[in-house]
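Chain by chain, the residues:
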Amino acid sequence: MTHERELPDTPDLTGLSGLPELPALPGVPGQPGPPDPDLQKVPDLQDVPEVPGLQDIPDLSIVIPAYNEEHRLAHTLDALTDHLTTDSTRWPDWEIVVADDGSTDATRALVTERRRHNPRIRLVTTPRNRGKGHALRLGVAATRGRRVLVTDADLATPIEELERLDKALTEGNCVAIGSRSVPGATIGDRQHRLRELLGRAGNLLIRRTAVPGIRDTQCGFKLYDGDRAREAYAASRVNGWAIDVEVLRHLHRAGLPIAEVPVRWSHRPGSKIGPLDYARTLIEITRISARSLRPADVFAAFLFLLMSVALYSARFFDPAHRYLPDSLRDQNQWEWFFAVTADNVAHFRNPLFTDLQGFPDGVNLMANTVMLGLSVPLTPLTLAAGPAVTLSLVMTLGLAATAAAWYRLIVKYVVRGRIAAFLGASLAAFAPPMVSHAHAHPNFVVLFMIPLIIDRALRLCAGTRVVRDGVVLGLMAAYQVFLGEEPLLLAALGMLLFAAACAAVRPDTARASWRPLLRGLLLGASVCLPLVVHPLVWQFSGPQSYTDIEHNPRSFNSPLALLAFAERSWLAGDADTANALSFNTTEQNAFYGWPLVLLAFAILVRLWREALVKALAFTAVAAAFLSLGREFRIPLTDTTLPGPWRLLADLPLFEAVIESRVAMICAPALGMLLALAVDRLLTTRPLPTRYVGLLGVGLALLPLIPAPLRAVDRVDVPAFIADGTWKSYVREGESLVPVPLPDPSDAEALHWQTEAGLGFKLAGGYFNGPYGDERIGIYGAEPRFTSNLLRDVRNSGEVPPVVESWRAQARADLAYWRAGVLVLAPQPNDKALRETVEKLVGGPGKWVGGVWVWDLHEPRPTSYEDDERAQGVRLRPAPITLP
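Residues numbered from 1 in each chain as written. Predicted model: local features only at pLDDT ≥ 70, side-chain atom pairs only at ≥ 80, totals over all residues. Heavy atoms only, no water.

K.L.:
Would you mind going over the overall build of the chain in detail, with residue names and values included?
P.N.:
If you tally the helices and strands in the chain, you get 33 helices and 24 strands. As presented, the chain carries roughly 38200 Å² of accessible surface, and 60% of it is formed by carbon and sulfur atoms. (Helix = DSSP H or I, 4+ residues; strand = E, 2+ residues; numbered from the N terminus. Areas by Shrake-Rupley, 256 points an atom, 1.4 Å probe, with all protein chains shown as cover.)

Printed below as a string of structure tokens:
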């Protein structure tokens, strides 16, 4: 026998955060749901004649829900009465209540006949079929016993198992439920394999959403304390098979002890559960879980969604025709990522690689963070509505989900006040660095898994369910790998900083937590690694993998960036200052503003005695210092000091991190500090102190409110692409070569390709790939002579004097790209580009569908297909010096 009372399996953080007492939970005794009109009068309750002892309170009431059970019920009634009559010492007074659910066969007549011979058998009926839940609600309401046994009409669990359940109640439990899933249970005849699998899946879902800790809620053999049973069933509202879940959830949330007892069980033929009942039960479980939500929590989630929609309002309502210019070329790139993943999945191709871009070498998609965790399951949406719609929904809903996840974590561990938690989560999810990445980086916006991972790590510290929590942590980490590896690495760094601070301020807590935490982490790693090892090997050793990548030399934060305001800050934004302190609009990774920094310092001083405040402050300060890079200059001086990032910069994995992004760790840490401060202020007695404090919080947050992201009308795709004219120029195995080739500075050709349904392959592109024999990571395809030349002409507008060796190299490059057509769209310096291409290929282009095209299948003065010698010649990506 196992006794389980599900207690919050979270670490004791009272000493860290000073959490207040838990508020009363909905659904506990004294808070029943709307009364069922059928319970005001039990219909057709048969009058029971005077029988010695029967009018007293029985020791046991047995409730049997029945619907068309004339063939199985007779045996069940015989077995029950025989056993109870035999065991008269333990159960001297008993009753059996059959709750008929509108049967259309002879069930009622059978029970009526049995009642004539044994008045302890009673009948409760309803005029029509309403479901098992409704029948049980009526049947339990009609009971009077000190204990109530609920059993199915087939008696799949024999009545002899009652002794085990009775013993569990005698030991102090409120309810003992027969279980087929705990050690000691015996299963005779089994169900059909499919039903068994569906039942296990349902029980797993129930444990995760409704009744944690109970392995088998659906076994139809449960013994209750009578008063608790009548109270719980009266408070229930579902009419179907999920009634057991709702009743157990009611008792669980009331904090009453529940025992799960192993029993004997055998499947009986004649089940009334049909295929659609599984779907109905799922709907009922969803409703049960939804009713337990606090209105304030639902409202907070709704506000987060409104905030996210407002931020993306300029694009959200027309994503296919609007472009975020501050995303630079990243919006085109991410739409291409979603499109190519959907195309790979739809055609059963490897989702880790494609040659549609960077042709013929291709792109290692795993090394480019294509968010397979979302792009794969959202394939149907991408195919139906297009990648622009998918990307827009992912970023909008993902940002709202991230805020909701931080809100849940703060409510669970930091403060119970919903207003304070809302403000803290808003800062964590809508902080300036998050808004900066919201332009173009969904992998840094969709972070809802990070708070869930932190929650699971904190549960491990409690040491109550190490195996379960370790396995779940491993699955969560594996999924986050397919959402974004760099955010996971930064989250791990932030948790390590927080853990170090906690160990310093609360060594007793650290000593009690490190063993279960370490064990859980090892279990999580053993679960995670087998799931991600193949994709990671492909990422680091597969085709088009790279060893390291050089970032912008300014990819660190200046100390001033931590105090300044971001460009998109609504009231205080300064584009010139923000651009001077960051290397582009998508990487403004600090910019918390000096008022918020002062507020955080004030919170630290005022709440210094609280260990949680010290740990959060250390985490934020340490992350801010790490983001300063290998070295930093003290503002307003010429003094340069070694930066703490130097300790990590050359370590595996960290070498590819943009160090300024480490400052993003500060956002949730500051959000939690803010939540603590607001929660204290809202309960402060002196009103002047409360108002002054809240005013200070408002003044610190007001400059950080983000303005909606700017959007412009999208550039039309040339008719040559949109109308499919390109199909006449690009043959199987060939590529379309835009002029100049797409690269990180101009990736509009990626949009052409997605609008063409990925029908042609592109030379060049915007992605991360290898360069040279050392396979150093670069942005874009490996440059060749012709791509460099065309890029320089676009930038300078000057036509170089093309010589024969240049034409030979162009022929080699075009052969390498297997080019079928060159396409030049109207753009700045397009005249110089057209003249250069004419000199390189030896002939003029044609104006077709709004673009200049050079059909490379037409005969030219020199045939590049025959110049095999030049095909292997490449030039380094250094800028070309034009004569």
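K.L.:
Can you lay out helix H17 (residues 418–430) for me, pointing to particular residues and giving the numbers?
P.N.:
Each turn of an α-helix holds 3.6 residues, which means side chains three or four residues apart point in the same direction. Here H17 is 13 residues long and its end C-alpha atoms lie 17 Å apart, about the 18 Å a rise of 1.5 Å per residue gives. Most of H17 is tucked away, with eleven of its 13 residues classed as buried. Listed in full, the buried residues belonging to H17 are Arg418, Ala420, Ala421, Phe422, Gly424, Ala425, Ser426, Leu427, Ala428, Ala429 and Phe430. Summarising the contacts, the buried residues of H17 are in contact with helix H11 (295–311), helix H16 (387–413), helix H18 (432–437), helix H25 (594–606) and helix H27 (666–682). (Expected span 1.5 Å × (residues − 1). Buried < 20%, exposed > 50% of the residue type's maximum accessible area, 1.4 Å probe, protein only. Contact = heavy atoms within 4.5 Å.)

K.L.:
How would you summarise the sheet that holds strand E18 (residues 735–738) if you had to cite specific residues and measurements?
P.N.:
As summarised here, the arrangement of the five strands in space is E19-E18-E22-E24-E23, forming an open sheet in which the pairing is mixed. In the strand order of this sheet, the two ends are held by strand E19 (761–762) and strand E23 (846–848), each with one partner. Direction of pairing for E18 relative to E19: parallel, over a ladder of two bridges. When the sheet's bridge partners are listed, Leu736 is paired in E19 with Leu762. (Pairing = 2+ DSSP bridges.)

K.L.:
Report on the packing of aromatic side chains, specifying residues and quantitative values.
P.N.:
Within this structure, the stated rule accounts for 13 aromatic pairs. Pairing Phe353 with Trp538 gives two aromatic rings, centres 6.4 Å apart and planes at 70°, and the pair type is edge-to-face. Remark: Trp538 occurs in helix H22 (residues 507–541) and Phe353 occurs in strand E12 (residues 353–354); sequence separation between them is 185 residues. On the basis of relative accessible area, Phe353 is assigned to the partly exposed category, the value being 22%. Feature note: the residues Trp334, Trp336, Phe337 and Phe338 constitute an aromatic cluster, connected by ring pairs. The ring of Trp852 carries Arg834 above its face, with NZ or CZ at 4.3 Å from the centroid. (Phe/Tyr/Trp six-rings, centres within 6.5 Å; stacked < 30°, edge-to-face > 60°. Lys NZ or Arg CZ within 6 Å of the ring centre and 35° of its normal.)

K.L.:
So, the sheet that holds strand E14 (residues 548–549): which residues are in play, and what are the values?
P.N.:
Taken in spatial order, the three strands of this open sheet run E14-E21-E20, and their pairing is mixed. Lying at the two open borders of the sheet, with one neighbouring strand each, are E14 and strand E20 (768–771).

K.L.:
Report on the packing of H16 against H17, specifying residues and quantitative values.
P.N.:
For any two helices packed against each other, the geometry comes down to the angle between their axes and how far apart the axes lie. Contact geometry for H16 and H17: axes closest at 8 Å, N-to-C directions at 135°. The angle between the axes of H16 and H17 places the two elements in the oblique class. In terms of crossing hand, the pair formed by H16 and H17 is right-handed. Of the residues in H17, those touching H16 at Leu399, Thr402, Ala403, Trp406, Tyr407, Ile410 and Val411 are Arg418, Ala421, Phe422, Gly424, Ala425, Ala428, Ala429 and Phe430. Considering only residue class, the contact of H16 with H17 consists of twelve nonpolar, two polar and one charged. (Axes fitted to C-alpha atoms, helices over the stretch in contact; angles between N-to-C directions. Parallel < 35°, antiparallel > 145°, perpendicular 65-115°, else oblique. Left-handed = near helix turned anticlockwise from the far one by under 90°. Nonpolar A, V, L, I, M, F, W, Y, C, P; charged D, E, K, R; others polar.)

K.L.:
Mind laying out the packing of H25 against helix H28 (residues 687–701), listing which residues take part and the relevant values?
P.N.:
The N-to-C vectors of H25 and H28 enclose an angle of 145°; their axes lie 7 Å apart at closest approach. Counted together, Pro595, Leu596 and Leu599 of H25 and Val697, Leu699, Ala700 and Leu701 of H28 form the full contact between these two elements. Of the residues that constitute the contact of H25 with H28, the class distribution is seven nonpolar, no polar and no charged.

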